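# A structural walkthrough
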Amino acid sequence: MENDTSTEKKKKKNSHGGDGELESEDDLKSILPYLPLHLCSSSLFWPPPVVEALKALSLGPHHSNVRSGQLLSLAISDLRSSLNYSSTSLSSSALHGYSLFFDDLMPRADSVKWFEEVLPKMALLLLNLPSLLETHYRRHQQQQQPLDSNTTCLRLLDSQQPGLVLLSQELIAALLSCAFFSLFPAANRGATYLPTINFHHLFASLYGCYEEYQESKIKCIVHYFERVCLCMPTGNVSFERKVLPLDRRAVGVSYPKPDFWIKSDLPLCPFEVQRSGLIEDQVHEALEVDFANQYLGGGALHHGCVQEEIRFMINPELVAGMLFLPSMADNEAIEVVGTERFSNYTGYASSFRFSGDYVDQKDTDSFGRRKTRIIAIDALCSPGRRQYGSECLQREINKAFCGFFDMSKYQQYQDLFQYDEHWESDVDFDVKKLREQLRNDAMTLGGPSTSYQITEGAPENQLNQCLHTKAFQPSQHQEEIGIVTGNWGCGAFGGDPQLKAIIQWLAASQALRPFILYHTFGLETLEVLDQVTRWIISHEWTVGELWNMMGEYGSKRLKGETRVGFFSWLLPLVDSNDA
């Protein structure tokens, strides 16, 4: 057992930083302006007044006297003053928001327990933040098998800079504790297009215009801290900025031009329609679409409470990405793997309600990440009539493709982008015949239904393996990760649900995904989605053929030659072609 002297030395080391040099200083220096810590002689540390205040809080309310929301708000103000944030002091609404939640809305017994058991451990996490960060940087230096060639330590993943940051759940808990106390500096965030990260905005929104859904959002956050302070999870979470380079000469997969979609003769992947259930309730591993804002998290820490904001509340570790991921450009997406879900909920938007604890049963991969994959892609906001134009259609399909493409299939993508008629003429087998065979195989697997079970040897995977090897060989068994999505870019964003559904299908197919599972959420305009997709698959349309149909419809819609929806326009047309 440690004596008092050794314990004190450990706390001193944790609060003022560890021993030795940090070799990943470029990564650290990129994020340092957005952290509340100081760096000296390659060691991170809190200013001494902050250390003393956090030590007092870590010893509990009998020592710190912080036993209410009102006193908590004063303690937060003092901490911010010690960090010289006086020019950006908390608003009175924020101060009153902490008091309103913990003193009036939270049951008294729960509040007492929270200040006695949870808040001290959050303060201890903050004391340990310097050493947690230093351990994080050193572990990266010692890592023998990085997750990805672009894997880095915690750093600013700026726009047009592809990269992946792997964080432990414990480090994320410390960073979110920092956000709860609103200790991140805000001065430079707007200039680098970083979203809000401090939680005082959330509490200010609660007080400024009380809504029950806003209270439930805070309940999710508070519940997260209760869980991690009771038993700290030991996994990891990765945050990746995915970029399709605009320069076609760049190494890797570049941003597709219009003719890429026009000429694509890849088969469409299987499409299954779900009229009930939620994206986050997906049992099997899949890429789950976050209907994102350009700024990651959208209004999660403000008044927002739709699909993205709800996901950030029930999986609060997503909020950590808001610290270091600036807004997305048209050729970018953000993929997060490994976040744990902590809360149940009911409702949506104004009816959203926290409904208790959720125990996440997802398996973990070899890097300690839960097999929960979330892809954030932002659709055009309020596009109106222009969404039917070729430029907007191109933007949306490329955005979805950026999110859906899988770097493990990099060579297959290279073949697709470099494929042309001259290459095809050198192939020693009939490509068209092969494509027909693969489509027949798909129909054999599940008949004409678009909802058949995905199994080894999905057609798009076989096809591109053949194109690469120039020989037909059944694909080896591997985990095939499909797309689970819904009405992306619709609702508050104002997109056409029928077009958005087809755009995502095309992007998923072109990205060689084995399936797309689409949740309609009961939207009336998508009642015939299953019928339409079944018809298209039964007639073996390619990505290019369906894309060209959509482009033709968009042109007629802009010219005023049709005012009906895409499905109504398409079905009479294909019926007449059959006649």
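In this report, the structure presented in the accompanying data block is examined. (Residues numbered from 1 in each chain as written. Predicted model: local features only at pLDDT ≥ 70, side-chain atom pairs only at ≥ 80, totals over all residues. Heavy atoms only, no water.)

Our next topic: the overall build of the chain. Helix and strand counts for the chain come out as 21 helices and 13 strands. Taken across its 579 residues, the chain has 58% of its residues classed as buried. Just so you have it, the chain exposes about 24,400 Å², and 49% of that area is on carbon and sulfur atoms. (Helix = DSSP H or I, 4+ residues; strand = E, 2+ residues; numbered from the N terminus. Buried < 20%, exposed > 50% of the residue type's maximum accessible area, 1.4 Å probe, protein only. Areas by Shrake-Rupley, 256 points an atom, 1.4 Å probe, with all protein chains shown as cover.)

This part is about the environment of methionine 122. Structurally, methionine 122 can be placed in helix α7 (residues 108–142). For methionine 122, a relative accessible area of 0% puts it in the buried group. The spacing of methionine 122 and phenylalanine 225 is 103 residues in sequence and 7.7 Å in space, taken between C-alpha atoms. Those residues within four positions of methionine 122 in sequence are excluded, and the remaining contacts are Trp114, Ser177, Phe180, Phe181, Phe225 and Cys229. (Contact = heavy atoms within 4.5 Å.)

So, about the side chain of threonine 485. Tracing the chain through its elements places threonine 485 in strand β12 (residues 483–485). At 2.5 Å, the side chain of threonine 485 forms a polar contact with the side chain of glutamine 504. With near-sequence residues (within four places) excluded, threonine 485 lies in contact with Ile279, Val289, Phe291, Gln504, Ile516, Leu517, Tyr518 and His519. (Polar contact = N/O pair within 3.5 Å; in protein donor to acceptor, adjacent residues only side chain to side chain.)

The subject of this paragraph is the pattern of salt bridges. Counted by the stated rule, this structure contains 23 salt bridges. The partner of lysine 219 in a salt bridge is glutamate 215, with the nearest N and O atoms 3.5 Å apart. A residue pair is termed a helical-turn pair when its members lie 3 or 4 positions apart in one helix, as lysine 219 and glutamate 215 do in helix α10 (residues 212–230) at four residues. Overall, the relative accessible area of 32% leaves lysine 219 in the partly exposed class. A salt bridge links arginine 373 to glutamate 285, with the shortest nitrogen-to-oxygen separation between them at 2.7 Å. (Salt bridge = Lys/Arg side-chain N within 4 Å of Asp/Glu carboxyl O.)

The subject of this paragraph is the packing of helix α5 (residues 69–82) against helix α6 (residues 92–105). For the pair α5 and α6, the least separation of the axes is 7 Å and the interaxial angle reads 145°. Here α5 and α6 pass one another in a crossing that is right-handed. Between α5 and α6, the residues in contact are Gly69, Gln70, Leu72, Ser73, Ile76 and Ser77 and Leu95, Tyr98, Ser99, Phe102 and Asp103, respectively. (Axes fitted to C-alpha atoms, helices over the stretch in contact; angles between N-to-C directions. Left-handed = near helix turned anticlockwise from the far one by under 90°.)

Of note, arginine 513 is situated in the loop between α18 (497–510) and β13 (516–519). Among buried Asp, Glu, Lys and Arg side chains, arginine 513 stands out as unpaired, with aspartate 406 the closest opposite charge at 4.2 Å. Engagement of the side chain of arginine 513 in a polar contact is seen with the backbone oxygen of phenylalanine 404, the distance being 2.7 Å. (Lys, Arg positive; Asp, Glu negative; His and termini not counted.)

Across the interface, helix α8 (residues 169–180) lies against α10 with an axial gap of 11 Å and an inter-helix angle of 140°. In terms of orientation, α8 and α10 fall into the oblique class. Remark: the crossing between α8 and α10 carries left-handed chirality. In this structure, α8 uses Ile172, Ala173, Leu176, Ser177 and Phe180 to contact α10, whose residues at the interface are Tyr224, Phe225 and Val228. (Parallel < 35°, antiparallel > 145°, perpendicular 65-115°, else oblique.)

The next thing to look at is the pairing of strand β10 (residues 353–357). Looking at chain direction, strand β9 (residues 343–346) and β10 are connected through three bridges and run antiparallel. Across the sheet, serine 343 pairs through a bridge with aspartate 357, a residue of β10. Counted along the chain from β9 to the antiparallel partner β10, the turn is six residues long, and its residue glycine 347 has a positive phi close to 80°. (Pairing = 2+ DSSP bridges.)

Our focus in this paragraph is the sheet that holds strand β4 (residues 163–168). Here nine strands make up an open sheet; going across it, the order is β3-β4-β5-β8-β11-β7-β12-β13-β6 and the pairing mixed. Looking along the sheet, the strands with just one partner apiece sit at the ends: β3 (151–152) and β6 (271–274). Here β12 pairs with β13 via three bridges, running parallel. Residue isoleucine 483 lies in a different strand from β13, and its bridge partner there is isoleucine 516. Where helix α13 (residues 390–404) meets the sheet, it contacts β5 (236–243), β7 (287–292), β8 (332–337), β11 (373–378) and β12, and its direction lies at approximately 160° from that of β11.

Applying the stated criterion across every chain yields a total of 30 aromatic pairs. Between phenylalanine 102 and phenylalanine 180, the aromatic rings sit 6.3 Å apart at their centres with planes inclined by 80°, giving edge-to-face as the arrangement. Of the two residues, phenylalanine 102 is situated in helix α6 and phenylalanine 180 in helix α8; the sequence distance between them amounts to 78 residues. Of the two residues, phenylalanine 102 and phenylalanine 180, neither departs from the other in class, the shared state being buried. Ring geometry for tyrosine 388 versus tyrosine 553: centroids 6.1 Å apart, planes at 80°, classification edge-to-face. (Phe/Tyr/Trp six-rings, centres within 6.5 Å; stacked < 30°, edge-to-face > 60°.)

Another aspect to go through is the nonpolar core. Trp46, Phe102, Phe180 and Phe181 are the most contacted members of the largest nonpolar core, which has 99 residues in total. By residue number, the principal contributor to this core is α7, which donates 13 residues. Not counting chain neighbours up to four residues away, the residues in contact with phenylalanine 180 comprise Leu72, Ile76, Tyr98, Phe102, Trp114, Leu119, Met122, Phe199, Phe203 and Phe225. One finds Val273, Leu287, Phe404 and Ile536 within the second-largest nonpolar core, a separate group that totals 64 residues. (Core = buried A, V, L, I, M, F, W, Y, C linked by side-chain atoms within 4.5 Å.)

Bringing unusual backbone geometry into the picture now. Peptide bonds are mostly trans, and most non-glycine residues show a negative phi. Phi is positive for alanine 349, which is not a glycine, with a value near 55°. The class of alanine 349 is partly exposed, set by a relative accessible area of 26%. Located in the positive-phi region is serine 382, a residue other than glycine, with phi close to 50°. Counting through the fold element by element, serine 382 comes out in the loop between β11 and α13.

Attention now goes to the environment of glutamate 527. Counting through the fold element by element, glutamate 527 comes out in the loop between β13 and α19 (529–538). For the pair glutamate 527 and valine 273, spaced 254 residues apart in sequence, the C-alpha to C-alpha distance is 9.8 Å.

Before going further, it helps to examine the environment of leucine 100. Mapped onto the fold, leucine 100 is located in helix α6. The spatial distance from the C-alpha of leucine 100 to the C-alpha of tyrosine 207 is 7.0 Å, given a sequence separation of 107 residues. Not counting the four nearest positions on each side in its chain, leucine 100 is found in contact with Leu105, Leu206 and Tyr207.

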